[in-house]
Amino acid sequence: MRIMAKTATALTLALLVTGCGQKSASPESQAPPAGQPAAGAAATFTLPAGLDDGPRAAATPANPVMAARGEKLFQTRGCSACHGFGKRISCPDLNGVTTRRTAKWITTQILHPDVMTKQDPIARGLFAQFALQMPKQGLTAAQTDTVLEFLKHKNHESSEKHE
């Protein structure tokens, strides 16, 4: 029985270390303490002002063709290992995220999670709450748009179930 518990613990730790398709941990994957200057990519990329100002992502209907492509990426890139819909796995529950955030905020979080953690107060708060840095997935902007469409589709499905 102890061997099974140790094996389960080791497997869980291995998943956390390698989670969401991350190849290896690096200093850039850690959020610096508040007030310290950002290094690496964060120093070369500055977030635009008002990233979460304006209409929420759900304000526009999801494109079903793009959503299907985004769902495949969500599964193959390992996003579902950390994120769920209507349940917390090890990172934020994505149910309703498109009603809480703008499309620009969501796509920037997917494309530049390390920069977001260092420069965006919402992302910094999520990092503090969940203590896990979302790894870069190496997606293109077009691929990120398909993941956004998938999130919008899932959030729309969820809201229809509750009506």
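Here's what I pulled together on the structure shown here. (Residues numbered from 1 in each chain as written. Predicted model: local features only at pLDDT ≥ 70, side-chain atom pairs only at ≥ 80, totals over all residues. Heavy atoms only, no water.)

### Some thoughts on the overall build of the protein
Part 1 of the reasoning: Of regular secondary structure, the protein possesses eight helices and zero strands.
Part 2 of the reasoning: Counting from the amino terminus, the protein carries its helices and strands in the arrangement α-α-α-α-α-α-α-α.
Part 3 of the reasoning: If you take every contact in the protein between residues at least 6 apart in sequence, the share linking residues at least 24 apart comes to 72%.
Part 4 of the reasoning: With the model as given, the accessible surface of the protein reaches about 9800 Å², and the carbon-plus-sulfur share is 61%. (Helix = DSSP H or I, 4+ residues; strand = E, 2+ residues; numbered from the N terminus. Contact = heavy atoms within 4.5 Å. Areas by Shrake-Rupley, 256 points an atom, 1.4 Å probe, with all protein chains shown as cover.)

### A short note on the pattern of salt bridges
Part 1 of the reasoning: Evaluation of the coordinates by the stated rule reveals four salt bridges.
Part 2 of the reasoning: A salt bridge links aspartate 52 to arginine 101; its shortest N-O distance comes to 3.2 Å. Here aspartate 52, found in the loop between α2 (41–44) and α3 (64–76), pairs with arginine 101, found in the loop between α4 (97–100) and α5 (103–111); they are 49 residues apart in sequence, far enough to count as distant.
Part 3 of the reasoning: Since its relative accessible area comes to 16%, aspartate 52 is described here as buried. (Salt bridge = Lys/Arg side-chain N within 4 Å of Asp/Glu carboxyl O. Buried < 20%, exposed > 50% of the residue type's maximum accessible area, 1.4 Å probe, protein only.)

### Description of unusual backbone geometry
Part 1 of the reasoning: You will see that alanine 131, though not glycine, has its phi angle at about 55°, which is positive.
Part 2 of the reasoning: Locating alanine 131 in the fold gives a position in the loop between α7 (121–130) and α8 (141–161).
Part 3 of the reasoning: Looking at alanine 131, the relative accessible area reads 57%, which means it is exposed.

### A look at α3
Part 1 of the reasoning: In a regular helix each residue adds 1.5 Å, so 13 residues correspond to 18 Å; α3 covers 18 Å between its end C-alpha atoms and thus fits that length.
Part 2 of the reasoning: All buried positions along α3 are accounted for by Ala67, Gly70, Leu73 and Phe74. Projected onto a plane normal to the axis of α3, the buried residues spread over an arc of 120° and lie on a single side. Residues of α3 that are exposed and point over 90 degrees away from its buried face: Pro64, Val65, Arg69, Lys72 and Thr76.
Part 3 of the reasoning: Capping the start of α3 is the job of one residue whose side-chain oxygen sits 3.0 Å from the backbone nitrogen of valine 65: asparagine 63.
Part 4 of the reasoning: Taken from the residues just after α3, glycine 78 is the one with a positive phi, measuring 80°. (Expected span 1.5 Å × (residues − 1). Arc of directions from axis to C-beta. Polar contact = N/O pair within 3.5 Å; in protein donor to acceptor, adjacent residues only side chain to side chain.)

### Brief notes about the packing of aromatic side chains
Part 1 of the reasoning: Evaluated as defined, the whole model comprises three aromatic pairs.
Part 2 of the reasoning: A centroid spacing of 5.6 Å and a plane angle of 45° characterise the contact between phenylalanine 74 and phenylalanine 85, whose relative ring orientation is tilted. With phenylalanine 74 in helix α3 and phenylalanine 85 in the loop between α3 and α4, this pair connects stretches of sequence that are eleven residues apart.
Part 3 of the reasoning: Taking the centre distance of 5.8 Å and the plane angle of 85° together, the rings of phenylalanine 85 and phenylalanine 150 count as edge-to-face. With a gap of 65 residues between them, phenylalanine 85 in the loop between α3 and α4 and phenylalanine 150 in helix α8 connect regions that are remote in the sequence.
Part 4 of the reasoning: Using a relative accessible area of 2% as the deciding quantity, one classes phenylalanine 150 as buried.
Part 5 of the reasoning: Joined through ring pairs, the aromatic side chains of Phe74, Phe85 and Phe150 make up one cluster.
Part 6 of the reasoning: A cation sits over an aromatic face here: arginine 101 above tryptophan 105, 5.4 Å from the ring centre. (Phe/Tyr/Trp six-rings, centres within 6.5 Å; stacked < 30°, edge-to-face > 60°. Lys NZ or Arg CZ within 6 Å of the ring centre and 35° of its normal.)

### Examining the nonpolar core
Part 1 of the reasoning: In this structure, Phe74, Trp105, Ile106, Met116, Val147 and Leu151 are the most contacted members of the largest nonpolar core, which totals 19 residues.
Part 2 of the reasoning: Only α3, α5, α6 (113–119) and α8 provide two or more residues apiece to this core.
Part 3 of the reasoning: A per-element tally of this core places α8 first, with four residues.
Part 4 of the reasoning: Contact partners of leucine 151, with chain neighbours within four places excluded, come to Phe74, Phe85, Leu94, Val97, Thr98 and Ile106. (Core = buried A, V, L, I, M, F, W, Y, C linked by side-chain atoms within 4.5 Å.)

### A closer look at the side chain of threonine 98
Part 1 of the reasoning: Residue placement: threonine 98 occurs in helix α4.
Part 2 of the reasoning: Sequence-distant contacts of threonine 98, that is, excluding residues within four places in its chain, are made with Arg56, Ala57, Ala58, Ile106, Leu148, Leu151, Lys152 and Asn155.

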